[in-house]
Amino acid sequence: MELELSTPALLFSAITLLMLAFTNRFLAIASLIRGLHKSYLEAKDKDSIVKQIHNLRLRLRLIKNMQLFGVASFLLCVICMYLVFRGYTEAANWVFVGSMGSLLIALAISMFEIQISTKALTLELGDMEQIYKKGSSSLDFIFKKDSKKDEE
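Cut-off values and rules
Residues numbered from 1 in each chain as written. Predicted model: local features only at pLDDT ≥ 70, side-chain atom pairs only at ≥ 80, totals over all residues. Heavy atoms only, no water. Helix = DSSP H or I, 4+ residues; strand = E, 2+ residues; numbered from the N terminus. Buried < 20%, exposed > 50% of the residue type's maximum accessible area, 1.4 Å probe, protein only. Contact = heavy atoms within 4.5 Å. Axes fitted to C-alpha atoms, helices over the stretch in contact; angles between N-to-C directions. Parallel < 35°, antiparallel > 145°, perpendicular 65-115°, else oblique. Left-handed = near helix turned anticlockwise from the far one by under 90°. Nonpolar A, V, L, I, M, F, W, Y, C, P; charged D, E, K, R; others polar. Expected span 1.5 Å × (residues − 1). Disulfide = S-S within 2.5 Å. Salt bridge = Lys/Arg side-chain N within 4 Å of Asp/Glu carboxyl O.

Focus: the overall build of the chain
Along the chain, the regular secondary structure elements total five helices and zero strands. Each helix and strand of the chain, placed in order from N terminus to C terminus, yields the pattern α-α-α-α-α. For the chain, with 152 residues in total, the buried portion stands at 23%. Once local pairs closer than 6 in sequence are excluded, the contacts in the chain between residues at least 24 apart make up 78%.

Some thoughts on the environment of Ile-33
With respect to the helices and strands, Ile-33 occurs in helix α1 (residues 6-42). Note on Ile-33: relative accessible area 31%, which makes it partly exposed. With residues near it in sequence (within four places) discarded, Ile-33 still touches Leu-56 and Leu-60.

Some remarks on the packing of α1 against helix α2 (residues 47-86)
In contact at an axis separation of 9 Å, α1 and α2 are set at 160° when each is read in the N-to-C sense. The orientation of α1 relative to α2 falls into the category roughly antiparallel. When the axes of α1 and α2 are compared, the crossing they make is left-handed. Residue composition of the contact of α1 with α2, grouped by class: 26 nonpolar, seven polar and two charged.

So, α1
Relative to the 54 Å expected for 37 residues at 1.5 Å per residue, α1 spans 55 Å between its end C-alpha atoms, a close match to the ideal helical length. Here α1 has its buried residues at Pro-8, Leu-11, Ile-15, Met-19, Phe-22, Ile-29, Ala-30 and Leu-36.

As for the state of the cysteines
Scanning the entire structure with this criterion turns up zero disulfides. Summary of cysteine pairing: Cys-77 is not part of a disulfide, and the nearest cysteine sulfur, belonging to Cys-80, is at 6.4 Å.

Describing the pattern of salt bridges
As enumerated under the stated definition, the model contains two salt bridges in all. For Glu-113, the salt bridge identified is with Arg-25, shortest N-O distance 3.1 Å. One end of the pair, Glu-113, is in helix α3 (residues 89-134); the other, Arg-25, is in helix α1, and 88 residues separate them in sequence. When its relative accessible area of 2% is taken as the criterion, Glu-113 is described as buried. Owing to a relative accessible area of 22%, Arg-25 belongs among the partly exposed residues under this scheme. The partner of Arg-59 in a salt bridge is Glu-113, with the nearest N and O atoms 2.7 Å apart. In this pair, Arg-59 sits in helix α2 while Glu-113 sits in helix α3, placing the two residues 54 residues apart along the sequence.

See below:
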């Protein structure tokens, strides 16, 4: 298969959008860390905040690696386009494979980071569900089961 100049160029938009998503995740984590730092200074029970900070530190490291592999993929894409332009098709093919591999690693790390963030949110929801079970809501008439069905 002959690699054309347009093939690596197609990755540009995908990589750019992924980098934007990775940067947005980084900014959200940075905001959470700043908020947790303020809570840590004011809180009496610091154990749960410390656990959350450890989770965020891991996620921050993962996001840094996602960005690193995304940038590497982007750079390899540019090099690949240059090599195709100059006529070095064999080298361009290998660089393109490297670019795709780097993008694949970035996406795999992203999937792992999403799993970690989902677990953290599940733990937060677990605390709130205990409060929900004790209290009532103005929407209970919609979501509550009929008392006749509960007795059966």
